[in-house]
Number of protein chains: 2
Amino acid sequence: MDKLKQRIREEGKIRGVNEILKVDSFLNHQIDPAFLTEIGGAFREKFDGVPVDKILTIETSGIGIAVAAAPAFGNVPVLFAKKNKTKNIAGDVFISQVESFTQDRRPYNIFVSKEFLHPGEKVLLMDDFLANGSALAALIDIAQQAGAQVMGAAIVVEKTFQPGGKLIREKGIRVESLARIAEMSEEKGVIFAE
Amino acid sequence: MDKLKQRIREEGKIRGVNEILKVDSFLNHQIDPAFLTEIGGAFREKFDGVPVDKILTIETSGIGIAVAAAPAFGNVPVLFAKKNKTKNIAGDVFISQVESFTQDRRPYNIFVSKEFLHPGEKVLLMDDFLANGSALAALIDIAQQAGAQVMGAAIVVEKTFQPGGKLIREKGIRVESLARIAEMSEEKGVIFAE
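This part takes up helix 4 (residues 134–145) of chain B. Each α-helix turn comprises 3.6 residues. Residues three or four places apart therefore point the same way. Residue and element names in this part refer to chain B. Between its first and last C-alpha, helix 4 extends 16 Å over 12 residues, near the 16 Å set by a 1.5 Å rise per residue. For helix 4, the buried fraction is high: nine of the 12 residues fall into the buried class. Of the residues one or two after helix 4, Gly147 is the one with positive phi, at around 75°.

Given below as structure tokens:
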């Protein structure tokens, strides 16, 4: 998606070499709703003709993307996996562990209520970034626990220099990314794959 | 908003007396995107003619609502306050503390990058629930730190038996809620105000 690449080039903030890319001006902190709707349309094009009963994502950044994309998928329900088990959620949940690559590196659990994910449901996974693939692997695990059918993963930005994309595709999951970053540094900027 | 009250009556799960209301089937875990769009339209009606430059909300549940509501407000940017300071955010932020009424009751900080909130900006606050008002008070604090103008707070569900609504209105902030719950219990169900 050329417009996405352009916005990453113009607005993305890079720190380190292949380390941090912030796209906080339109995706992860401030959100550009009209642009997210376009991203949703681009996802629908990538998964043209693929039946989708439900979009499954993960808090926090996935939610806005999934809600904005839903109209392009016939306004199917959006389900987001939660990160902390608060008193507001019942006990009957699918749980999976996510390895963390942030500062403290403590793994955390995500969960989805069994009430909202069912055998045979055709689920499209959606997230902002695909890097190490640990969050996406946990979403796949949860979908499989439920007996749901994973139709694919729709990703806004894939970092191809990290192993997530390969890992998830090796599980037989179709991954479609709108921008694939091969390399990034403060010096060179963002270099896209292909 | 009658349809909202109806869905709360039919799908809401109550625990205790005036304690927990879960609307996980369409708002807080699973999201009904078309219904959230209707909620956005209802917010626009409530704030008819009020100029809005930006919607300010807070992760997690506010994000889906704000993104779905944005088209009714001319697709203004959505900015969500973050709860954890990870390495993905720069140092230059507005911070405010939120009192917590969940199990562990530890207060937490929310923050917004100074880059995305400016003096004079007309900001509409948005959130799913208004109960004790601590999250909303922190959003107001952040908007005021930025010198932004708070045009009001658009709330999906207000619990009028808790002090938040009164507290926020006493600050001179206009609060509009689509459903106001006066009382709730497993025995009586949900009783709406007015």
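Right, let's talk about the environment of Ser25 of chain A for a bit. Residue and element names in this part refer to chain A. Here Ser25 lies in the loop between strand 2 (20–22) and strand 3 (30–31). Remark: the alpha-carbon pair of Ser25 and Ile181, spanning 156 residues in sequence, is separated by 18 Å. At a separation of 2.5 Å, a polar atom in the side chain of Ser25 contacts the side chain of Glu11.

Tallying the contact residues gives 39 residues for chain A and 39 residues for chain B. Buried area between chain A and chain B, both sides added, is near 3600 Å², and the carbon and sulfur share of it is 58%. Connecting chain A to chain B are two salt bridges. A salt bridge links Lys13 of chain A to Glu115 of chain B; its shortest N-O distance comes to 2.5 Å. Remark: the boundary between chain A and chain B carries 12 residue pairs in polar contact (both at pLDDT 80 or more). Looking at the side of chain A that touches chain B, the element that brings in the most residues is helix 3 (residues 61–69) of chain A, giving four residues. The sheet contact formed by strand 3 of chain A and strand 5 (residues 78–81) of chain B spans two bridges and is antiparallel. Bridge pairing in strand 5 of chain B links Ile31 of chain A to Val78 of chain B.

Each value, and the rule that gives it
- Note that residues are indexed from 1 along each chain, following the sequence as it is written.
- Lettering of chains starts at A and numbering of ligands starts at 1, both following the order in which they are written.
- Restriction of local features to residues with pLDDT of at least 70 applies here, the model being predicted, together with a cutoff of 80 or more for giving and counting side-chain atom pairs; totals for whole chains, interfaces and linings are based on all residues.
- Only heavy atoms go into the side-chain values, all of them from the structure, while hydrogens and water stay out.
- Helix and strand definitions follow DSSP, with helices as H or I runs of at least four residues and strands as E runs of at least two, each counted in order from the N terminus.
- An expected span of 1.5 Å times one less than the residue number is assigned to each helix.
- Burial classes: relative accessible area under 20% of the type maximum marks a residue as buried, over 50% as exposed, and values in between as partly exposed (1.4 Å probe, protein chains only).
- Here a polar contact is recorded for every N or O atom pair within 3.5 Å, except that within protein the pair must consist of a potential hydrogen donor and a potential acceptor, and residues adjacent in sequence are included only if both atoms are side-chain atoms.
- Here, two residues are considered to be in contact whenever any of their heavy atoms come within 4.5 Å of each other.
- As used here, buried area is the combined drop in accessible area, with a 1.4 Å probe, of two parts when they are placed together.
- Should a side-chain nitrogen of Lys or Arg be within 4 Å of a carboxyl oxygen of Asp or Glu, the pair is scored as a salt bridge.
- By definition, two strands form a pair when at least two bridges between them are found by DSSP.

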